[in-house]
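In case you want the letters, here they are:
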Amino acid sequence: CASSGGSSGGGTLIGPNSPKVAAAERARQIAGARRTSVKLAAIQAEVDLGGITANTWSYGDLPGKEIRVRRGDLLNVELRNQLPQPTSIHWHGLALRNDMDGVPGLTQGEIVPGGSFTYEFTAPDPGTYWFHPHSGVQLDRGLYAPLIVEDPEDGGNYDTELVVVLDDWLDGLGRTPDAVFDELRANGMPGMDHGSMPGMPAMPKSDLLGGDAGDVIYPHVLANGKVWKAPQAFATKPGQRIRLRLINAAADTVFRVGVPGVPMTVTHADGFPVVPVELDVVLLGMGERLDCVVTVPDRTVPVLALAEGRGLFAQVTLSTGVAASTDSEALAAELTKLVVPEMNALRATDSVALPLREPDVTHDLVLEGPGDQYSWTINGKVYDPTDGLPIRSGQVVRLRMRNKSQMFHPMHVHGHTFQMRANGKIGPRRDTAIVLPNRELIADFDANNPGQWLTHCHNVYHGEAGMMAVLSYV
Ligand code: C2O
Ligand code: CU
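Residues numbered from 1 in each chain as written. Chains lettered and ligands numbered in written order. Predicted model: local features only at pLDDT ≥ 70, side-chain atom pairs only at ≥ 80, totals over all residues. Heavy atoms only, no water.

Novice: Whenever I open this one, the side chain of His92 confuses me. Can you help?
Specialist: Following the sequence through the fold, His92 ends up in strand S5 (residues 90-92). Residue classification places His92 among the buried residues on the basis of a relative accessible area of 0%. From its side chain, His92 meets the backbone oxygen of Gly287 in a polar contact 3.2 Å long. One polar contact links His92 to Thr432, side chain to side chain, over a distance of 3.0 Å. Other than its neighbours up to four places away in sequence, His92 contacts Tyr129, Trp130, Phe131, His132, Gly287, Arg289, His412, Asp431, Thr432 and His458. (Helix = DSSP H or I, 4+ residues; strand = E, 2+ residues; numbered from the N terminus. Buried < 20%, exposed > 50% of the residue type's maximum accessible area, 1.4 Å probe, protein only. Polar contact = N/O pair within 3.5 Å; in protein donor to acceptor, adjacent residues only side chain to side chain. Contact = heavy atoms within 4.5 Å.)

This is how it looks when you write it as structure tokens:
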């Protein structure tokens, strides 16, 4: 049954504009769906990071303004490109129509400077998603925003919600992501001195992660666009249950997140429900999302996001009006000492879990690097959009990802949400999952969304340096 990948399949590719793509979209449409229209501009402008001004690229704000729709809604977004470079938007995590997936050179052409493009698609599954360009390393400039798909039937065991978007931030002027990428190409990886903030202990690397923290040296990390000294304050009151929608929009940073002294009930991973579990600390790789419910205590507390292995943190404050008793620097230092649980041990709820089945096709993805000129490879090759891993509609597809490097690779699959399996058990359903150094990860999905879909490392620099491949419906 399980054959290994490698051959290019021989069949005709089902391209983004094929009738099968339109048919899959019609199958997603539901009666009475609403249509939501949004106008977006990608611009160069100043943003305030909380006492630090940066001249950067964004969708106007940092994070960009959230888009919120309901399950089954038709979302129509017109993007105007006011940047000096071509751009695009990828709707991260959504099982949408292939021609709206936003990958230049694979599913659409680049949107040229001064040009525009209208995305229109059905948002089929409720959850916490986000969007960003799929053009070079632009994501690291600040082009990102949340996309929330509400579930009208979810009564929700919470009173209110707070979206928290995490990011790593370059120092702006003169040190653009493009320049950093060129530097990596020319000189390889810098020494692993990520610096540390005055007054902060260097954070120990946990055993779980093992490998190196990141390739790029960042002076700041941000929560909802602000540095730790000037956090966003969210007005709340004791006893209120808040659904935190955590989104890691960083290019090269894994975050551990905790609310000191307050357990977090994890309810969703990448938008899909998990059997609720109470944790003191959670881990988010780049591109990943977690929804957690917290009950506000009788004092002000921070939601702390520590950049793993970098000695930096960012925060959002849950303000009750009663002053916090401990400062957040001390709390962050404490949080570094907690053992991070194995996030793959989360379990999809029965309502969304894909059953354990023998796959119809297995593709191995061996992750390696960095090679010459900072190349990162899958199966020894850098990205080649014409050389896809073949899959067919109706198949159960298994991706067996093996990390043969010392860095972690949050691997993302476009257009599908995979079922993770750990030790023969059902794990969470996700669209992005960290493959730890020297470890293997099994991701199964139903091939039910025809087209050409990327799978890649969500370290934006690794992806740009080659760690991307195409899953090709034939
Ligand atoms: Cu969030 Cu291919 O990306
Ligand atoms: Cu990677």
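Novice: What's the story with the confidence of the model for the protein chain in this structure? I'm lost.
Specialist: The predicted coordinates ought not to be read in detail in places where the model reports low pLDDT. In the predicted model, the protein chain carries a mean pLDDT of 91, and 92% of its residues have values of at least 70. Contacts of residues 1-9 to residues separated by more than four positions or lying in other chains number 18 contacts, the stretch itself having pLDDT below 50. (pLDDT = per-residue confidence, 0-100.)

Novice: I keep staring at the sheet that holds strand S3 (residues 67-70) and nothing clicks. Help me out?
Specialist: By definition, the strands of a sheet pair up through backbone hydrogen bonds, in either a parallel or an antiparallel sense. With mixed pairing, four strands are arranged side by side in an open sheet as S3-S8-S7-S5. Of all the strands in the sheet, just S3 and S5 have a single pairing partner and so form its edges. For this sheet, the mean angle separating the axes of adjacent strands, direction not counted, is 25°. Note: strand S7 (residues 127-132) against strand S8 (residues 145-150), five bridges, orientation antiparallel. The residue of S8 that forms the bridge with Gly127 is Val149. (Pairing = 2+ DSSP bridges. Axes fitted to C-alpha atoms, helices over the stretch in contact; angles between N-to-C directions.)

Novice: Got a minute to help me understand the coordination of the copper ion (ligand 2) in this structure?
Specialist: In an ideal tetrahedron of four donors about a metal, each angle is 109.5 degrees. In an ideal octahedron of six donors, the angles are 90 or 180 degrees. Bound to the copper ion (ligand 2) are the protein donor atoms His409 (ND1), Cys457 (SG) and His462 (ND1), situated 2.0 to 2.1 Å from the metal. Residue Cys457 is classed as buried on the basis of its relative accessible area, which comes to 1%. Relative accessible area serves as the criterion here: at 0%, His462 is assigned to the buried category. (Donors = N, O, S within 2.8 Å, 3.2 Å for Na, K, Ca; no water.)

Novice: Explain unusual backbone geometry to me, please; I cannot follow it from the model alone.
Specialist: Most of the time, phi is negative for any residue but glycine, and the peptide bond is trans. The linkage connecting Leu62 with the following residue, Pro63, adopts the cis geometry, with an omega of -10°. At the junction of Gly369 and Pro370, the peptide bond is cis and its omega measures out at -5° in the coordinates. Along the chain, Pro370 falls in the loop between strand S20 (361-368) and strand S21 (377-378). For Asn438, which is not a glycine, the phi torsion comes out positive at approximately 60°. Relative to the helices and strands, Asn438 resides in the loop between strand S27 (432-435) and strand S28 (440-446). On the basis of relative accessible area, Asn438 is assigned to the exposed category, the value being 53%.

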